[in-house]
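Next come the chains, spelled out residue by residue.
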Amino acid sequence: MSTATATPEGALPHRDLSHTPWRVLVLGATSGIAEATARIWAREGANIFLVARNADRINAVAADLRVRGAAYVETAVADLDDIDGHTALLGRAITALGGLDVAYLAVGILGEQPRAEQDTTHALHILHTNLTAPVSLLTWLSNYCVNQGFGTLAVLSSVAGERGRKSNYVYGASKAGLTAFLGGLRNRVDREGVHVLTIKPGPVRTSMTTGMKGSEKFADPDKVAREIARAIDKKQDVLYTPFQWRPIMAVIRAIPERIFKKLNL
Ligand SMILES: NC(=O)c1ccc[n+]([C@@H]2O[C@H](COP(=O)([O-])OP(=O)(O)OC[C@H]3O[C@@H](n4cnc5c(N)ncnc54)[C@H](OP(=O)(O)O)[C@@H]3O)[C@@H](O)[C@H]2O)c1
């Protein structure tokens, strides 16, 4: 594993929205939620750098963002599980963008809970993609932002990280770890001018949830994206989206363990 050390290309002015176009790095850019959010930034004329694994899909997203008004769109095809490649990838992206205002991390896999209960390799894969690799990316990016004295790190965690339940506790554990990491990171870098947004969606209609029972009632990715874009602008710390998941999770967290362990959740 390489040691990720941030080396900014020079002193940049303090974040000021008047210096548009905004420079946005999207990691996991073919995500349904990320794509909907990037469309908002494209309409605002942002510079956008997209990273994802599938070349055809990322090219389609890039073409769409250009049509919608993005000032500049560049792409990189990369497997973000490859931690050794992070330093070169992030350096290339920031050089192409001419700096960084927002890093938006949407990479994630749901995995298969029944398989993860039997197959340790699969369980560790979920933890690697959803926690270990993001920790590597965010460590580099946070040090870059601290060095320049500004920047937003907006990261998709999940309400699933709030309490382990039998139907998805490996995925939930990865998101719980990510949420805890982001809380500590915010506590460290907020005083350095760096904004960390923890995003906790409830179920959203994307490829991750296609075919799930009741998925037609899941949240609309465009609505979730609007709330995320607004939370970034307002420098919010934590966003539950849609909003009702904040009280729902407060109730779920409050259920005593002796009752919770008997529930089929
Ligand atoms: N949808 C929901 O209900 C929901 C709820 C709460 C939280 N979230 C979180 O929100 C984020 C976005 O999810 P989504 O719903 O938009 O799902 P999605 O459409 O399945 O997007 C997941 C993204 O992660 C990418 N990815 C996975 N492994 C990767 C790797 N090793 N390297 C590079 N890219 C990789 C996928 O790329 P490929 O196309 O190459 O696989 C895809 O772009 C995830 O972190 C998810 O856990 C989703």
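Residues numbered from 1 in each chain as written. Predicted model: local features only at pLDDT ≥ 70, side-chain atom pairs only at ≥ 80, totals over all residues. Heavy atoms only, no water.

## Concerning the packing of helix α1 (residues 32-43) against helix α7 (residues 221-233)
As a reminder of what qualifies: Note on geometry: axes are C-alpha line fits, over the in-contact stretch for helices, and angles between N-to-C directions span 0 to 180 degrees. A helix here means a DSSP run of H or I that spans at least four residues, while a strand means a run of E at least two residues long, and both kinds are numbered starting from the N terminus. Working rule for angles: under 35 degrees goes down as roughly parallel, over 145 as roughly antiparallel, 65 to 115 as roughly perpendicular, anything else as oblique. Left-handed describes a crossing whose near helix is turned anticlockwise from the far helix through less than a right angle; right-handed describes the clockwise counterpart. Residue contacts are counted whenever heavy atoms from the two residues lie within 4.5 Å of one another. Residue classes follow a fixed rule: Ala, Val, Leu, Ile, Met, Phe, Trp, Tyr, Cys and Pro count as nonpolar, while Asp, Glu, Lys and Arg count as charged, and any other residue, Gly among them, counts as polar.
Axis separation between α1 and α7 bottoms out at 8 Å; the angle between their running directions is 60 degrees. In terms of their interaxial angle, α1 and α7 are classed as oblique. By crossing handedness, the relation of α1 to α7 is classed as right-handed. In this structure, α1 contributes G32, I33, A36, T37, R39, I40 and W41 to the contact, and α7 contributes P221, D222, V224, A225, R226, I228, A229 and I232. A class-by-class count of the residues in the contact of α1 with α7 yields 10 nonpolar, two polar and three charged.

## What to know about the nonpolar core
Test applied: Residue types Ala, Val, Leu, Ile, Met, Phe, Trp, Tyr and Cys, when buried and joined through side-chain atoms within 4.5 Å, form a set referred to as a nonpolar core. Think of it in three bands: residues with accessible area under 20% of the maximum for their type are buried, residues over 50% are exposed, and the middle band is partly exposed, with areas taken using a 1.4 Å probe on protein chains only.
One finds V26, W41, I48, L50, L65, Y104 and I228 to be the most contacted residues of the largest nonpolar core, which totals 37 residues. Only β1 (23-27), α1, β2 (47-52), α2 (55-67), β4 (102-105), β5 (151-156), β6 (194-201) and α7 provide two or more residues apiece to this core. Looking at this core, the element that brings in the most residues is α1, giving seven residues. Residues within four places of I48 in sequence aside, it is in contact with V24, V26, A38, W41, A42, L65, A70, Y72, V73, E74 and L97.

## Section: the site of the ligand
Quick note on the threshold: Here a residue is near a molecule or strand as soon as one of its heavy atoms is found within 4 Å of it. In protein, a polar contact requires one atom able to donate a hydrogen and another able to accept it; more generally it is a pair of N or O atoms within 3.5 Å, and residues adjacent in sequence count only if both atoms are side-chain atoms. Computed with a 1.4 Å probe, the accessible areas rest on the Shrake-Rupley method; for each residue, only the protein chains presented here act as cover.
Taken together, 29 residues are adjacent to the ligand, and T30, S31, R53, Y171 and T206 come closest. Between the ligand and T30, the relevant distance is 2.7 Å, taken from an oxygen atom to a side-chain nitrogen or oxygen of the residue. Within the backbone of I33, an N or O atom sits 3.1 Å from an oxygen atom of the ligand. Look at the ligand: alone it shows 890 Å² of surface, and the protein chains cover 93% of it. Of all elements in the fold, only α1 and α6 (169-189) reach the threshold of two or more residues within the shell around the ligand. Classifying every residue of the shell around the ligand gives 12 nonpolar, 12 polar and five charged.

## Things to note about the pattern of salt bridges
This is how the line gets drawn: Salt-bridge detection follows one rule: a side-chain nitrogen of Lys or Arg within 4 Å of a carboxyl oxygen of Asp or Glu.
For the structure on display, the rule yields 11 salt bridges. Residue R39 pairs with D222 through a salt bridge whose shortest N-O separation is 3.0 Å. Of the two residues, R39 sits in helix α1 while D222 sits in helix α7, which places them 183 residues apart along the sequence. Linking E112 and R115 is a salt bridge whose minimum nitrogen-to-oxygen distance equals 3.8 Å. The exposure class assigned to E112 is partly exposed, which follows from its relative accessible area of 44%. A network of salt bridges, in which partner residues are shared, links E35, R39 and D222.

That is the geometry; function is a separate question.
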